[in-house]
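# Overview (structure and organization)
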Amino acid sequence: MTTTDAPTADGTRPDPSSGPSRPTARSRWGEASRWWNARSRPEQWGLLVPVVVLIYFLPVINPPIITTEPATDFSIALFNAAVFALIAIGLNVVIGQAGLLDLGYVGFFAIGAYVAALLSSPDSDLGVRVPWLVIVPIAMAITMVSGVILGTPTLRLRGDYLAIVTLGFGEIVRLLADNVDPLRGNRGFQNIARPGGTYPDGTPLFTQTDAQGFYWLAVTIIIIVLFLMGNLERSRVGRAWIAVREDEDAAELTGVPTYRFKIWAFAIGAAVGGLSGTLFAAQVGFVNNQRFDITTSILYLAAVVLGGQGNKVGVIVGAFLVSYIPDRFQFEPEYRFLVFGVALIVLMIFRPQGLLGMRQHLLAYGRQAYQKLFGAGTGVAPTGLTSSTRVSGELPETVPDDHAGSSPREGGE
């Protein structure tokens, strides 16, 4: 099999007699990505085990290079980043997978936190004290219903119109917290229920001052949600979301019930937002109307865009940066948005797909089928197939394209 030399930036082709060219950082990243995509899912999970173990032990190790102390407790900073990552995963379902612009996602986060407060705080007018593990499914169910209620009349809108409606939803939730007396406005709720459990010496595992136990719980929840989301993306629902994101009209014409799948995206994303709200309320132990403004929702959106829409690992990286950098460098509040604004401008210029943009690969078991047909080393479908190559299995001459699969509009994980 031969390959055609790719032209350089000035339109000329490299001289073969000058020897092999030095690999660039982009080509090395592409090779690493293709190698990773060629691995089976059990192999990928096995390679990730040491990384996950290191993530779990971060608050115990407290590396001096990345620690946020003494200004901010490192365990609390890690927990805040983990909650941010969980929120970004839920928002990625709506924006990255289904292609729906949601500017009011903080509303679902607020609903989950207030459900935990109303069902467990002694300040609640309900007068009940429900355990945290019981609160979690209740909060997720209520936020899913909220997502369906919001999506049913509004998801026939598209683009800017949908963004304005979701922005209004987030503001409605905040104003309700301000003005509805049972929600206590600025007074808020105290002593919200926490998960149970103790260390071997008998001290509580989940406390407000020591977020180490909450961080471990948040990382465990993230792993479970990532596993479920990965399976969902490779299912019929995930393929329908990608079809809606790429071209809703074409998907509708091919028989995809786009309206129903968009509501599913809103409901599932809302459930993850409610879950993160209950986790946040349990650790802080206090909820009022000051934590759910529109600027917070914009930060959630910035985390998804910064990491890479549609890439689960990418949005986790983006969420970690958005949450961790202010704690690490202690920016003043008025400079925090300036820093992220400059970072997003630079990112959009040099890497518009995000830090870890989506990479196109076949859904379900299509990749394994192509590997069997064209060889184990083939990570993506070859282009320019002819009848002879389909029969013999030999790959045609191709021009290497370092930009393949880097568009934020392409499907992938």
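Figured I'd write up the structure that's included with this text. (Residues numbered from 1 in each chain as written. Predicted model: local features only at pLDDT ≥ 70, side-chain atom pairs only at ≥ 80, totals over all residues. Heavy atoms only, no water.)

## Considerations on the nonpolar core
Core analysis: the biggest nonpolar cluster contains 90 residues, and Phe79, Leu279, Val287, Phe292 and Tyr300 have the highest contact counts within it. The biggest single contributor to this core is helix α3 (residues 74-97), with 15 residues. Apart from residues no more than four positions distant in its own chain, Leu279 is found in contact with Phe79, Val83, Trp132, Phe214, Leu217, Ala218 and Ile221. (Core = buried A, V, L, I, M, F, W, Y, C linked by side-chain atoms within 4.5 Å. Buried < 20%, exposed > 50% of the residue type's maximum accessible area, 1.4 Å probe, protein only. Helix = DSSP H or I, 4+ residues; strand = E, 2+ residues; numbered from the N terminus. Contact = heavy atoms within 4.5 Å.)

## Some thoughts on the packing of helix α5 (residues 132-154) against helix α10 (residues 258-284)
Axis separation between α5 and α10 bottoms out at 7 Å; the angle between their running directions is 145 degrees. Every pair of crossing elements has a handedness; the one defined by α5 and α10 is right-handed. Looking at the contact of α5 with α10 residue by residue, the class counts come to 18 nonpolar, six polar and no charged. (Axes fitted to C-alpha atoms, helices over the stretch in contact; angles between N-to-C directions. Left-handed = near helix turned anticlockwise from the far one by under 90°. Nonpolar A, V, L, I, M, F, W, Y, C, P; charged D, E, K, R; others polar.)

## Focus: the environment of Thr68
Relative to the elements of secondary structure, Thr68 occurs in the loop between α2 (41-61) and α3. Overall, the relative accessible area of 2% leaves Thr68 in the buried class. Spatially, the C-alpha atom of Thr68 lies 7.8 Å from that of Phe329, the residues being 261 residues apart in sequence. Sequence-distant contacts of Thr68, defined by excluding residues within four places in its chain, comprise Asp73, Phe74, Ala77, Tyr324, Asp327 and Arg328.

## Structural notes on the pattern of salt bridges
If charged atoms from side chains of opposite charge come close, those side chains can pair. For the structure on display, the rule yields six salt bridges. Taking the shortest distance from any N to any O, the salt bridge between Glu248 and Lys262 comes out at 2.9 Å. With Glu248 in helix α9 (residues 248-253) and Lys262 in helix α10, the pair connects residues that are 14 residues apart, well separated along the chain. Across the pair, exposure class does not vary: Glu248 and Lys262 are buried alike. (Salt bridge = Lys/Arg side-chain N within 4 Å of Asp/Glu carboxyl O.)

## Points about α5
For α5, with 23 residues, the first-to-last C-alpha span of 33 Å sits near the 33 Å given by 1.5 Å per residue. Where α5 is concerned, the buried positions are Trp132, Ile135, Val136, Ala139, Thr143, Ser146, Gly147, Leu150, Gly151 and Thr154. Buried-residue contacts for α5 involve α4 (106-120), α6 (159-179), α7 (212-233) and α10. (Expected span 1.5 Å × (residues − 1).)

## Digging into α3
Look at α3: 32 Å from first C-alpha to last across 24 residues, which is about the 34 Å you get at 1.5 Å a residue. Of all the bends found along α3, the most pronounced is centred on Leu91 and spans about 40 degrees. A large share of α3 lies buried, amounting to 22 of its 24 residues. One side-chain oxygen of the residue at the start of α3 lies 3.1 Å from the amide nitrogen of Ser75, identifying that residue as Asp73. In the stretch just after α3, Gly99 is the one whose phi turns positive, near 75 degrees. (Bend = angle between axes of the 7 residues up to and from the residue. Polar contact = N/O pair within 3.5 Å; in protein donor to acceptor, adjacent residues only side chain to side chain.)

## Regarding a nonpolar patch on the surface
On the surface, Trp45, Leu48, Val51, Ile55, Ile224, Phe227 and Leu228 cluster together into a nonpolar patch covering about 600 Å² of accessible area. Residue assignment for the nonpolar patch shows that the elements contributing at least two residues are α2 and α7. (Patch = residues over 30% accessible without salt bridge, like charges linked within 9 Å, V, L, I, M, F, W, Y side chains within 5 Å. Areas by Shrake-Rupley, 256 points an atom, 1.4 Å probe, with all protein chains shown as cover.)

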